[in-house]
Amino acid sequence: MDIFTTFKVAGSALEAQRIRLDTISSNIANVETTSTPEGGPYKKKSVYFETTPVSFGQHLQDSMEQHVKGVKVTRILEDNSPPKKVYNPSHPDADQDGYVAMPNVNVLKEMTDMMSATRSYEANTTTIKSAKRMALKALEIGR
Amino acid sequence: MQPIQAADISLPQPDTKPAPVDRAGESFSSMIGDMVANVEKQQENADMAVQQLHAGNAKNLHEVMIAMEEADISLRFLVQVRNKALEAYQEIMRMQV
């Protein structure tokens, strides 16, 4: 386990949070999309986090190393809750009763989720900064 | 009074022993050489990462930054080792014979 392990772990979290922000931006962009290639309105996407070992090969026999895990987005899930129905008979996607199926995206929830993703990203960059500060402090021992 | 039996005390042993590092045949210069080569590799990694970022091939901005930080810390470490070695050399040169 070296000083760069922190960088690897926090780096994996940064990537995971970036992918989370990608899905949030997709949700917000498609908040009024009524038509998709699969048919029906856009469905809200969310990420699924899973732990991942940080290093392979020579460090794996280190028993401390096995407890330190990175994070990875392994799947992107679709929310299958029913779409919102809005009465708008002039819309091309309206059904025979005049209702249009709108995406099941709640913009307020997406905004709070986005803030959470941003804060997590910041927290992990702070971890990297801390690790760097510790390494530089260790180098000061020799001075 | 009962003397403490040494055989009764057993310290927890680590399950895996780290591989013994054989440094006996290695000279100081080869160690420094390895270190310089390692730092060189880190710098090359950082350079590659920056180039890929500019070419639009990098997937993540933070990976480039992390590669640069790793290169920076490695270089600073090398400089510290060099300072120490030089200090030791000068100390010996100042010695009265």
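Conventions used here
Residues numbered from 1 in each chain as written. Chains lettered and ligands numbered in written order. Predicted model: local features only at pLDDT ≥ 70, side-chain atom pairs only at ≥ 80, totals over all residues. Heavy atoms only, no water. Helix = DSSP H or I, 4+ residues; strand = E, 2+ residues; numbered from the N terminus. Rg over C-alpha atoms; globule rule 2.2 N^0.38 Å. Buried < 20%, exposed > 50% of the residue type's maximum accessible area, 1.4 Å probe, protein only. Contact = heavy atoms within 4.5 Å. Buried area = accessible area lost by both parts, 1.4 Å probe. Salt bridge = Lys/Arg side-chain N within 4 Å of Asp/Glu carboxyl O. Polar contact = N/O pair within 3.5 Å; in protein donor to acceptor, adjacent residues only side chain to side chain. Core = buried A, V, L, I, M, F, W, Y, C linked by side-chain atoms within 4.5 Å. pLDDT = per-residue confidence, 0-100.

Draft legend 1. Looking closely at the overall build of chain A. On a plain count of helices and strands, chain A comes out with 2 helices and 4 strands. Along its sequence from the N terminus, chain A presents helices and strands in the succession α-β-β-β-β-α. On C-alpha atoms alone, chain A measures out to a radius of gyration of 22 Å, which is more than a quarter above the 15 Å that the 2.2 N^0.38 rule sets for 143 residues. If one aligns the C-alpha atoms of chain A with their principal axes, the spans along those axes are about 80 × 30 × 20 Å. When the 143 residues of chain A are sorted by exposure, 29% land in the buried category.

Draft legend 2. Spatial organisation of the interface of chain A and chain B. In this complex, chain A contributes 15 residues to the contact, which on the side of chain B involves 16 residues. Buried surface at the junction of chain A and chain B, both sides included, amounts to about 1400 Å², of which 62% is carbon and sulfur. Between chain A and chain B we count 3 salt bridges in total. Of the charged contacts, one joins Lys-132 of chain A and Asp-72 of chain B as a salt bridge, the two residues approaching to 3.4 Å between their closest N and O atoms. Between chain A and chain B we count 6 residue pairs in polar contact (both at pLDDT 80 or more) in total.

Draft legend 3. Looking closely at the nonpolar core. Listed in full, the 9 residues of the largest apolar core are Phe-4, Phe-7, Ala-10, Leu-14, Ile-128, Ala-131 and Ala-135 of chain A together with Ile-66 and Ile-73 of chain B. Among the secondary structure elements, those contributing two or more residues to this core are helix 1 (4-29) and helix 2 (107-140) of chain A together with helix 2 (61-93) of chain B. Top contributing element to this core by residue count: helix 1 of chain A, with 4 residues. Setting aside residues up to four positions removed in sequence, Ile-128 of chain A forms contacts with Phe-7, Ala-10 and Leu-14 of chain A together with Ile-66 of chain B.

Draft legend 4. Representation of the confidence of the model for chain A in the model. Taken as a whole, chain A shows an average pLDDT of 89; of its residues, 92% reach a score of 70 or greater. Considering each helix and strand of chain A separately, the mean pLDDT is smallest for strand 3 (residues 84-87) of chain A, with a value of 91, and largest for helix 2 of chain A, with 94.

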